[in-house]
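Commentary on secondary and tertiary structure
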Amino acid sequence: MSRRFCMVLLTGLFSVVVWAQGVDALSQLKADPRKSYGNDYPYPLKKLEMTKAPKGYTPFYISHYARHGSRYYWTDKLYKELDTMLVKAHEKQLLTAEGEAFREKYMAAKQELQASVGELSQLGWEQHQGIARIMYESFPEIFGKGGNVYAISSLAGRCVMSMAAFCLELTQCNPNIDIREQSSRLTLDGVVPTDRQNPFLRKFPHQRPRYEKNRSQFHSEDSLRQKIVARLFINIDSVPGNKHHIGSNLINLYTSLPSIGCEDMMSGLVTDEEIAKEWEASNLGSYSWVFFPQYEMIPILEDFIKKADAVISGSCDRIADLRFGHDTCLGPLTILMGINGADRDPEDPYEVKNCYQNWETCKASNIQLVFYRGKKGTDDVLVKCLLNGEEATLPVPTTQYPYYRWSDFRDFYTQRIQDALNR
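Worth saying up front: this structure is predicted, and the values here are computed from it rather than measured.

Our next topic: the packing of aromatic side chains. Throughout the structure, instances matching the rule amount to 18 aromatic pairs. Here the aromatic rings of Trp279 and Trp359 are separated by 5.0 Å at their centres, their planes lie at 35°, and the arrangement is tilted. A residue pair is termed long-range when its members are at least 10 positions apart, and Trp279 in helix H11 (residues 279-291) and Trp359 in the loop between helix H13 (327-337) and strand E5 (366-373) qualify at 80 residues. On the accessibility criterion, Trp359 (3% relative accessible area) is buried.

This part is about the nonpolar core. Counting 72 residues, the largest nonpolar core has Phe102, Phe143 and Leu253 as its most contacted members. Here this core gets 6 residues from one element, more than from any other, and that element is helix H3 (residues 76-91). The contact partners of Phe143, leaving out residues within four places of it in the chain, are Ile62, Met135, Tyr136, Leu170, Asn174, Ile177, Ile319 and Ala320. Listed in part, the 44 residues of the second largest apolar core include Tyr295, Phe304, Cys316 and Val383.

For strand E6 (residues 381-387), the tally of buried residues reaches 7 of 7 residues, placing the bulk of the element in the interior. Side chains Val381, Val383, Cys385 and Leu387 of E6 all project onto a buried face; the interleaved residues Leu382, Lys384 and Leu386 project onto the opposite face, where all are buried too. Direction of pairing for E5 relative to E6: antiparallel, over a ladder of 7 bridges. Residue pairing across strands places Leu369 opposite Cys385, the latter belonging to E6. Here E6 runs beside strand E7 (residues 390-391); their pairing, made up of 2 bridges, is antiparallel. When the sheet's bridge partners are listed, Leu387 is paired in E7 with Glu390. Once E6 ends, the chain turns through 2 residues before running back antiparallel as E7, passing Asn388 with a positive phi of about 55°.

A word on the packing of H3 against helix H9 (residues 243-256). One can describe the packing of H3 onto H9 by two numbers: an axis separation of 10 Å at closest approach and a directional angle of 120°. By the angle class used here, H3 and H9 are oblique. You can see that H3 and H9 cross each other, and the crossing is left-handed. Residue-level contacts link Lys77, Leu78, Tyr79, Glu81, Leu82 and Met85 of H3 to His245, Ile246, Asn249, Leu250, Asn252 and Leu253 of H9. The residue inventory of the contact of H3 with H9, partitioned by class, reads 7 nonpolar, 3 polar and 2 charged.

Calculation rules
- Residues numbered from 1 in each chain as written.
- Predicted model: local features only at pLDDT ≥ 70, side-chain atom pairs only at ≥ 80, totals over all residues.
- Heavy atoms only, no water.
- Phe/Tyr/Trp six-rings, centres within 6.5 Å; stacked < 30°, edge-to-face > 60°.
- Helix = DSSP H or I, 4+ residues; strand = E, 2+ residues; numbered from the N terminus.
- Buried < 20%, exposed > 50% of the residue type's maximum accessible area, 1.4 Å probe, protein only.
- Core = buried A, V, L, I, M, F, W, Y, C linked by side-chain atoms within 4.5 Å.
- Contact = heavy atoms within 4.5 Å.
- Pairing = 2+ DSSP bridges.
- Axes fitted to C-alpha atoms, helices over the stretch in contact; angles between N-to-C directions.
- Parallel < 35°, antiparallel > 145°, perpendicular 65-115°, else oblique.
- Left-handed = near helix turned anticlockwise from the far one by under 90°.
- Nonpolar A, V, L, I, M, F, W, Y, C, P; charged D, E, K, R; others polar.

Next comes the structure, spelled out in structure tokens:
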């Protein structure tokens, strides 16, 4: 039996142990029903205990990718459809008492909602400030003396503002940190490689998850949309617009409200616990959505590797590389990297929840690769992965989780990229 095979086997067994010791998805959902919001879940700011680095290793560099923070709903179509629907239903006296109460609250906020479509909210700003401060306080060896940081962002305003919030907080923690911020077409390959304005845009193969062949085996009640509509309307026969959109629009509005400080707008119409009951079905859809384009995120993974190599070799003096983009990139990147077993690709649709949870791609979600250098005179480098601030597993062989040798990390993902390109 080869040494490499033994290491892979050991890593796989260790990952299973780590997973088994963790809290399963449905228990997490019971403890915090808002996690059922999936990628609308507001980031839970908290500083977590870290596993002590092996003796002689010190952190010296961080490479990071983050989704923008909480925002107003991403398209004005939702707000406009709800506006038209509520106005006409009110005129025709088709709203219940709960529906009328909701209409009044919605109309009071309508101008702000429609004027702020897709923009970062106050909470989104505060999320990135908090994440930056936790990063600074967790790794004083990296940031304590200051140094150069490079930050890039997608061209979307909410991402630029998220970058600004994060970087401003870092410099407030330590004015000796010198940050170069950039949002341009030139850097899109490292943050949103699928953007049509990316001058280096490439085509990559796609892949569907295996569970889709067995999707019919999964049974879901999926009745919440009808319940919400019945609570809001006396009947919907004369309500304008696509009747099939009404329930979905109301649920999408509901899960977006905590991000903008309007949680009470829909009180009495739906509860977090009701959303949570249908989470597993929505999580299946999310898995397909992030699994299919995973190889399109290869340029981001290549950017991680290239920039880390430059720092490790000494040709670059940065202490951190920061990236600010979207869930459409971070979710598939999580699959591509196999973080916490997200690349397991089960055939059983009921197993999907055990390898991927869509709340991990929440507002302000982030991946951090933290690099540790060994004793002077050695070129040994370790790397640790954090997903939303928590130590995460990778499919890379290791005997000292959560730490991985950079050479093993680099070899593993270079091979994974090559295998994907050869499909």
